[in-house]
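Descriptive structure summary
Here's the letter readout for the chains.
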Amino acid sequence: MTAITLDPTDRALLRLLQRDATLTNKELAYKLNKSPATIHERVRRLKEQGYITRIVAIVDRKKIDKTLIAISHVLLKEHTAKTLGEFERSVAQFDEVMECYQMTGSFDFILKIATTNMEEYHLFLRHKLAVLPNIVTVQSYFILSETKSDTAYPI
């Protein structure tokens, strides 16, 4: 799919929706000085073209007792398309894995893992992650405090 050039209204619309996706078409129209029908059509087109991939609620992880966050670096033995794909499919199935990135550098993947406590993380590591084939090492770092966490991209 070829990307279209976003006009200033599309950009402003995406900025607003990234901050608050609960805004109605009427509210968006008022903020952007457009008609609700125009906003409805633009949002539909942005979804259709893949600019808006999903609408979600961002939950406070502390309120659901996911207070231990680990950033884990994973090194694999082999780097064939098959083994990389198998690893990605496996970790995508784990509820504890919030994010997975294939990387350049000393490690192959970085995982963001959310658990309730160190014991839960230990069980995840021992019984889910470490039993996957092809893993050489997992090096984990634990978040002490969060200075910034944003989901909105600059547009």
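About the thresholds
- Residues numbered from 1 in each chain as written.
- Predicted model: local features only at pLDDT ≥ 70, side-chain atom pairs only at ≥ 80, totals over all residues.
- Heavy atoms only, no water.
- Axes fitted to C-alpha atoms, helices over the stretch in contact; angles between N-to-C directions.
- Helix = DSSP H or I, 4+ residues; strand = E, 2+ residues; numbered from the N terminus.
- Parallel < 35°, antiparallel > 145°, perpendicular 65-115°, else oblique.
- Contact = heavy atoms within 4.5 Å.
- Nonpolar A, V, L, I, M, F, W, Y, C, P; charged D, E, K, R; others polar.
- Pairing = 2+ DSSP bridges.
- Core = buried A, V, L, I, M, F, W, Y, C linked by side-chain atoms within 4.5 Å.
- Buried < 20%, exposed > 50% of the residue type's maximum accessible area, 1.4 Å probe, protein only.

As annotated in an unreviewed UniProt entry, the protein carries the name Lrp/AsnC family transcriptional regulator and comes from Parapedobacter deserti.

1. Concerning the packing of helix α1 (residues 8-19) against helix α3 (residues 36-48)
At a minimum axis distance of 11 Å, the contact between α1 and α3 shows a crossing angle of 80 degrees. Considering the angle they form, α1 stands roughly perpendicular to α3. Each of T9, D10, L13, L14 and L17 in α1 lies in contact with α3, whose residues at this interface are I39, R42, V43, R45 and L46. A per-class count over the contact of α1 with α3 returns 6 nonpolar, 1 polar and 3 charged.

2. Things to note about the pairing of strand β2 (residues 97-102)
Direction of pairing for β2 relative to strand β3 (residues 109-115): antiparallel, over a ladder of 5 bridges. Paired with V97 across the two strands is I113, which belongs to β3. With antiparallel pairing between neighbouring strands as the criterion, β2 and β3 make up a hairpin whose turn holds 6 residues, including G105 at a positive phi of roughly 105 degrees.

3. A short note on the nonpolar core
By size, the foremost hydrophobic cluster in this structure holds 17 residues, and its most contacted members are F87, V91, L111 and L129. Of all the elements in the fold, those that place two or more residues in this core are β1 (68-76), α4 (81-92), β3 and α5 (118-129). At 4 residues, the largest contribution of residues to this core is made by β1. In contact with L111, other than residues within four places in its own chain, are A70, I71, S72, V74, F87, V91, V97, E99, C100 and L129. A12, L32, I39 and V43 belong to the second largest nonpolar core, which has 13 residues in total.

4. Points about the sheet that holds β3
In spatial order, the strands read β2-β3-β1-β4; together these 4 strands make up an open sheet with antiparallel pairing. Looking along the sheet, the strands with just one partner apiece sit at the ends: β2 and β4 (135-142). Going across the sheet, the axis of each strand differs from the next one's by a mean of 20 degrees, ignoring polarity. With respect to the sheet, α4 is in contact with β1, β2, β3 and β4, its orientation differing from that of β3 by roughly 15 degrees. This element, α5, spans β1, β2, β3 and β4 of the sheet and lies at about 165 degrees to β4.

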